[in-house]
Amino acid sequence: MSHIIAIANQKGGVAKTTTAANLGIGLAREGRNVLLVDCDPQGSLTVSLGYSQPDELDMTLTDLLAGVLMDKPAAPEQGILHHAEGVDLIPANISLSGMETSLVNAMSREKVLKQYLDTVKKEYDYILLDCMPSLGMLTVNTLAAADGVIIPVQAQYLSAKGMEQLLQTVGKVRRQINPKLKIAGVLLTMVDQRTNYAREVSDLLRRTYGGKVRIFSTDIPHSVRAAETSAEGKSIYLHDPKGKVAQAYAQLTKEVIQLEKQREKHSPEQSR
Ligand code: ADP
Ligand code: MG
């Protein structure tokens, strides 16, 4: 059974992409088959995995979605890159921003990404979708395709209004398009461990959304070593293996695996 997880927050710079890369590679290091999908026309995930010129790639997510729209599905494996650290990647570049417009006029427009992923998901244990910083049609497509959402937030800049909007969108997609969509959890990122601020924010989140959303017990600490990886083409596990961010992402990986095990136990009919 494959788990599809969207990593979403309409705010930029909260570590969505960093989390997609390092959680994805973390899952691969635990022996899982992982596909990462760059769903942001900025192509930051693509760049951070070492494809420094995404605009020069022959095939990206845009072509795979266009294939669905034109009823000309891509051949299996087509457009899927293999990263040295054991994950597969569907890259993106600026052409994806044109797709956002095409989707608006498409039939079943919210489910185009899902239709594509349905053709490859049997190959993977986990598919992680790195969202763009908006709640537009591409992000709605990721939510329509996902089983769970991970919401990275930067504690210092937590926006209650932004969080409310995101939760509303998730709720709306759940009611209208994808009843199985769950919030896997909120992930506190870039936490300055010298202050108690992260604790206060996670307490505040728990009070405000009481029981509605899980806060991951793993926080991701702030570290310049993590910021360096965006240009390196490799994960934090290789860049700074003994550092606190590598440890945190490894721990988050275990938490995510644990969560899925619990979920399978509670819905045995789905895991068959
Ligand atoms: P998003 O995808 O939400 O826009 P990114 O993953 O691109 O966010 O991260 C935004 C910036 O913060 C990037 O420059 C990234 O390298 C940096 N960053 C991410 N995680 C950390 C961390 N734990 N400590 C310090 N900087 C980080
Ligand atoms: Mg990003």
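**With respect to helix H6 (residues 137-145)**
Then, in step 1: Within H6, nine of the nine residues are buried, which leaves the element mostly enclosed by the surrounding structure.
Then, in step 2: Those residues of H6 not exposed but buried are Met137, Leu138, Thr139, Val140, Asn141, Thr142, Leu143, Ala144 and Ala145.

**Structural notes on the environment of aspartate 118**
Then, in step 1: One can find aspartate 118 in helix H5 (residues 112-120).
Then, in step 2: As a C-alpha pair, aspartate 118 and alanine 145 span 27 residues in sequence and 8.8 Å in three-dimensional space.
Then, in step 3: Here lysine 121 takes part through its side chain, which lies 3.3 Å from a polar atom of the side chain of aspartate 118.

**Side note on the environment of leucine 23**
Then, in step 1: By the secondary structure assignment, leucine 23 is in helix H1 (residues 16-29).
Then, in step 2: Taking the C-alpha atoms as reference, leucine 23 lies 7.5 Å from alanine 250; in sequence the two are 227 residues apart.
Then, in step 3: Those residues within four positions of leucine 23 in sequence are excluded, and the remaining contacts are Leu128, Ile150, Tyr249, Leu252, Thr253 and Val256.

**Regarding the site of ligand 1**
Then, in step 1: Around ligand 1 sit 15 residues in total, of which Gly13, Thr17, Thr18, Pro221 and Ser230 are the nearest.
Then, in step 2: Threonine 18 places a side-chain nitrogen or oxygen 2.6 Å from an oxygen atom of ligand 1.
Then, in step 3: In the environment of ligand 1, an oxygen atom lies 3.4 Å from a nitrogen or oxygen atom belonging to the backbone of alanine 227.
Then, in step 4: At three residues, the largest contribution of residues to the shell around ligand 1 is made by H1.
Then, in step 5: Looking at the shell around ligand 1 residue by residue, the class counts come to seven nonpolar, seven polar and one charged.

**Brief notes about the packing of H1 against helix H11 (residues 244-266)**
Then, in step 1: The N-to-C vectors of H1 and H11 enclose an angle of 70°; their axes lie 9 Å apart at closest approach. Taken together, H1 and H11 sit at an angle that is classed as roughly perpendicular. Counted together, Thr18, Thr19, Asn22, Leu23, Gly26 and Leu27 of H1 and Tyr249, Leu252, Thr253, Val256 and Ile257 of H11 form the full contact between these two elements.
Then, in step 2: A class-by-class count of the residues in the contact of H1 with H11 yields six nonpolar, five polar and no charged.

**Considerations on the environment of glutamate 85**
Then, in step 1: With respect to the helices, strands and loops of the structure, glutamate 85 is situated in the loop between strand E3 (81-82) and strand E4 (88-90).
Then, in step 2: Looking at glutamate 85, the relative accessible area reads 15%, which means it is buried.
Then, in step 3: In the structure, glutamate 85 is positioned 155 residues away from aspartate 240 in sequence and 15 Å away in space, judged by C-alpha atoms.
Then, in step 4: Not counting chain neighbours up to four residues away, the residues in contact with glutamate 85 comprise Ile25, Ala28, Lys234, Ser235 and Leu238.
Then, in step 5: Looking at glutamate 85, its side chain comes within polar contact range of the side chain of serine 235, at 2.6 Å.

Scoring rules and cut-offs
Going along each chain's sequence as written, the residues are numbered from 1 onward. Chains and ligands are labelled sequentially in the order written, the chains with letters from A and the ligands with numbers from 1. Where totals are concerned, whole chains, interfaces and linings use all residues; where local detail is concerned, this predicted model gives features only for residues with pLDDT of at least 70, and gives and counts side-chain atom pairs only at 80 or more. Only hydrogens and water are set aside when side-chain values are computed; all heavy atoms of the structure are taken into account. The buried label applies to any residue whose accessible area, calculated with a 1.4 Å probe on protein chains only, is under 20% of its type's maximum; exposed applies above 50%, and partly exposed to all values in between. A run of H or I in DSSP becomes a helix once it reaches four residues, and a run of E becomes a strand once it reaches two; helices and strands are each numbered from the N terminus. Definition of a polar contact: a pair of N or O atoms within 3.5 Å, with one able to donate and the other able to accept a hydrogen when the atoms are protein atoms, and with sequence-neighbouring residues admitted only if both atoms are side-chain atoms. Between two residues, a contact is recorded if the distance between any of their heavy atoms is within 4.5 Å. We call a residue near a given molecule or strand whenever any one of its heavy atoms falls within 4 Å of it. We call Asp, Glu, Lys and Arg charged. Ala, Val, Leu, Ile, Met, Phe, Trp, Tyr, Cys and Pro are nonpolar, and the rest, Gly among them, are polar. Axis lines are fitted through C-alpha atoms, for helices just across the contact stretch, and the angle between N-to-C directions can take any value from 0 to 180 degrees. Geometric relationships in this document are graded by angle, where less than 35 degrees denotes roughly parallel, more than 145 denotes roughly antiparallel, 65 to 115 denotes roughly perpendicular, and other angles denote oblique.

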